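Each chain, written out:
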Amino acid sequence: MPAVTVDNPLSLPRVPEPNPVTDHARPVRSVTTAPRGFEGEGFPVHRAFAGVDLADLDPFIHMDQMGEVEYAPGEPKGTPWHPHRGFETVTYMIDGEMAHSDSNGGGGLITNGDTQWMTAGNGILHIETPPEHLVASGGLFHGLQLWVNLPRAQKLVAPRYQDINATRVALLSSPDGGALVRVIAGAIGEHAGPGSTYTPITLVHATLAPGASLTLPWPNDFNALAYALAGDGTVGSEQRPFSSGQLAVYGAGDTLTIAAAPRQDSRTDGLDVFVLGGRPIREPVAAHGPFVMNTKEELLQAFEDYQAGRLGSIPAVHSDVDASTE
């Protein structure tokens, strides 16, 4: 699981240590196991938020762990052209490559540790595909796609892209060097990630060495979630068991704690966790398929606009096609 790594975590700035007098640890309210499914043209996913109440997820709507899968030649799959309106998709690639194109001519290629942040806003058509060389060769594919809700006032903003290269994320270390923390959006202490958000949120990918523990400061007006990408460990000061494919929902407080088991299986070097949270929007949600709106009427309007071609049209020449092959 490469994403972004460093040889010596102790060379990095440190995660702030909690104040034992004023900071209160967040308890763990639930741990759920993500069911398996298939997306797009048939690539395997874990539905990370399945069975969790939307009020505990707000401002997030949906998250898939894509893979981890080792494709044989000819097997890599993507998604066909599809619409979005009313929210943002955040695609974080850990291993492998994914190419994106949209009806505005945007997109690009993201690979190990890169993030593509697409604000669908008032509407866009979009496609995600493995590049041709990856289809030909096969290879490892692993990532996440997160859907972030937009507040009512920003539901119909103009679409935009943020291509966040892996080298731009903020890198921190736990005080003892046992955990590497990558800040994609929001901030840990005074260290901010590069992602620009409409709703205040924090996104972190942390890797903990076997036996290591990590305590993160967390805004007390944010919710807090942790999803295990790989490995085994515990969550919370109560040390609830936590392993690959599971989502922990934390309660109120100022800090959250994750720990890696001293022994990991032969396939993993430690515990990899995606930690996320944000200030809840607390607005009605009407969601169906690729649209996330506030009311049923707005949802029906989104489908009508899509069918009428008002969300854009598929380009005659895709931005991911090499002109030399035309």
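All figures in this text were calculated on a predicted structure; none of them were measured in a lab.

A.B. asks: Residue-level account of the side chain of Asp305, with values.
C.D. replies: Here Asp305 is to be found in helix 3 (residues 296–307). Here Asp305 is in contact with Arg85, Arg310 and Leu311, once residues within four sequence places are set aside.

A.B. asks: Could you give an account of the layout of surface pockets, with specific residues and numbers?
C.D. replies: If you add up the space inside the second largest pocket, you get close to 330 Å³. Taken together, 18 residues make up the lining of the second largest pocket; nearest its centre are Glu39, His82, His84, Gln145 and Trp147. Listed by contribution, the elements that provide at least two residues to the lining of the second largest pocket are strand 3 (43–47), strand 4 (60–71), strand 5 (79–84) and strand 11 (139–149). Among the elements that line the lining of the second largest pocket, the one with the most residues is strand 5, at four residues. Counted by class, the lining of the second largest pocket contains six nonpolar, eight polar and four charged residues.

A.B. asks: How would you sum up the confidence of the model for the chain? Please name residues and give values.
C.D. replies: Here the chain averages 90 in pLDDT, while 94% of its residues score no lower than 70. Segment residues 318–326: pLDDT under 50, and 10 contacts once partners within four positions in sequence are set aside and those in other chains are kept.

A.B. asks: Lay out the sheet that holds strand 5 in plain terms, naming residues and giving numbers.
C.D. replies: A sheet is described by the order of its strands in space; here four strands give the open sequence 5-10-7-8, paired in antiparallel fashion. Each of the sheet's edge strands pairs with one partner strand only, and the pair in question is strand 5 and strand 8 (107–110). Ignoring strand direction, the axes of neighbouring strands in this sheet form an average angle of 20°. Note that strand 7 (residues 98–102) and strand 8 share four bridges and pair antiparallel. Across the sheet, the residue bridging to Ser101 is Gly107, located in strand 8.

A.B. asks: Describe the nonpolar core, listing the residues and the values that go with them.
C.D. replies: Among the nonpolar cores identified, the biggest contains 33 residues, and Phe49, Phe60, Met63, Leu146, Leu203, Phe274 and Leu276 are the most heavily contacted of them. For this core, the secondary structure elements donating two or more residues are strand 4, strand 6 (87–95), strand 11, strand 14 (179–185), strand 17 (201–208), strand 19 (225–230), strand 22 (246–250) and strand 24 (271–278). The contacts of Phe274, once residues within four sequence positions are left out, are Met63, Tyr92, Leu144, Ile184, Leu203, Val204, His205, Leu225, Ala226, Tyr227 and Leu229. Judged by nonpolar contacts, the second largest core, of 29 residues, contains Val15, Ile188, Ala206 and Ala260.

What counts, and at which threshold
- Residue numbers run consecutively from 1 along every chain, following the written order of its sequence.
- Per-residue local features of the predicted model are confined to residues with pLDDT of at least 70, and side-chain atom pairs are confined, for both listing and counting, to 80 or more; whole-chain, interface and lining totals are unaffected and use all residues.
- The basis for every side-chain value is the complete set of non-hydrogen atoms in the structure, without hydrogens or water.
- The way it works is that DSSP assigns letters per residue, a run of H or I at least four long becomes a helix, a run of E at least two long becomes a strand, and they are numbered from the N terminus.
- Contacts are residue-level and defined by heavy atoms, with any inter-residue pair within 4.5 Å sufficient.
- Only protein atoms enter the 1 Å grid used here. Points where a 1.4 Å probe fits but cannot escape make up a cavity, open sets with protein on both sides within 12 Å along at least five of seven lines make up a pocket, and a residue lines them when an atom lies within 4 Å of a point.
- Grid points are joined across faces, edges and corners, and a volume is the space filled by probe spheres set on the points.
- Think of it as three bins: nonpolar holds Ala, Val, Leu, Ile, Met, Phe, Trp, Tyr, Cys and Pro, charged holds Asp, Glu, Lys and Arg, and polar takes everything else, Gly as well.
- For every residue, the predictor states its confidence as a pLDDT score lying anywhere from 0 to 100.
- Two strands make a pair as long as DSSP finds a minimum of two bridges between them.
- To define axes, lines are fitted to C-alpha atoms, for helices over the stretch in contact only, and angles between the resulting N-to-C directions are given on a 0 to 180 degree scale.
- Residues belong to a common nonpolar core when they are buried Ala, Val, Leu, Ile, Met, Phe, Trp, Tyr or Cys residues joined through side-chain atoms within 4.5 Å.
- Only protein chains enter the calculation, and the probe is 1.4 Å; a residue is then buried if its accessible area is under 20% of its type maximum, exposed if over 50%, and partly exposed in between.

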